[in-house]
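# Coordinate inspection notes
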Amino acid sequence: VLRQCVERFCERHPECTAMDLVGFSAGGMVAWLLPLLLGPLAEGQQRPRIGGLALLSPRLEGMNDVWDEGYVRELFRTHGTEVFLGYGTLEDIDSKGQPFSDLAARLRRCLPGGRLEVRGYQDKDHTMPTEELQDVARFLSRLWKRNGPS
């Protein structure tokens, strides 16, 4: 995916300075893994940069326990990444996988200065309610107004 999608996109669109990734469930896991594979930007390296990351009920079981928080913090710092995390409150329990509130706590340690937005959707399970999609649209709009479309 990294070579076929991200690197090829960057080759075909040299004017693009940043990408935003959005994923639900297993797609959220892919959206999470891509920046980790890209790694922190080296001094003077401009692209590919991950500007925004919207994780919608991402299934990251097993990966939550093996993060190197220093690596993730440096990755997000060098990319200037902002993260949206959305999930249903009914799925924020151990029996449904690693609770998203645990993930939110880890992300807060890696994303200082208001670069993390977390939303739990009341009485929703593993789904994408309209309200969540509207919140993601607002999140991306805010990024694009500040940084230009990614």
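Each chain carries its own residue numbering, running from 1 in the direction its sequence is written. Thresholds applied to this predicted model are a pLDDT of at least 70 for local features of residues and 80 or more for the giving and counting of side-chain atom pairs; totals over whole chains, interfaces and linings are not thresholded and use all residues. Computation of side-chain values: all heavy atoms of the structure, hydrogens and water removed.

## Overview of the side chain of arginine 115
What counts, and what does not: Elements are defined by DSSP. Helices are runs of H or I of four residues or more, strands are runs of E of two residues or more, and each kind is numbered from the N terminus. Burial classification: accessible surface area is computed with a 1.4 Å probe over protein chains only, and a residue below 20% of its type maximum counts as buried, one above 50% as exposed, and the rest as partly exposed. Counting rule for charge: Lys and Arg are taken as positive, Asp and Glu as negative, and neither His nor the chain ends is counted. Should a side-chain nitrogen of Lys or Arg be within 4 Å of a carboxyl oxygen of Asp or Glu, the pair is scored as a salt bridge. In protein, a polar contact means a hydrogen-donor-capable atom and an acceptor-capable atom, both N or O and within 3.5 Å, with residues adjacent in sequence counting only if both atoms are side-chain atoms; elsewhere, any N or O pair within 3.5 Å suffices.
With respect to the secondary-structure elements, arginine 115 resides in the loop between helix 4 (100–110) and strand 4 (116–121). Of the side chains with opposite charge, glutamate 82 lies nearest to the buried arginine 115, which makes no salt bridge, at 5.9 Å. In terms of polar contacts, arginine 115 uses its side chain to reach the backbone carbonyl oxygen of threonine 81, at 3.0 Å.

## Describing helix 1 (residues 2–12)
Put simply, the rule is: Working definition: the arc comes from the directions between the helix axis and the C-beta atoms, pointing outward to the latter.
Within the span of helix 1, buried status applies to Leu2, Val6 and Cys10. Along the axis of helix 1, the buried positions cluster into a sector of 40 degrees, meaning they face one direction only. What points out from helix 1, more than 90 degrees from its buried face, is the exposed set Gln4, Glu11 and Arg12.

## Digging into the pairing of strand 1 (residues 18–24)
So the rule is basically this: A pair of strands counts as paired when DSSP detects no fewer than two bridges linking them.
Counting buried residues along strand 1, 5 of its 7 residues qualify, which places the element largely inside the surrounding structure. With 7 bridges joining them, strand 1 and strand 2 (residues 49–56) adopt parallel strand pairing. Residue pairing for strand 2: leucine 21 is matched across the bridge by leucine 53.

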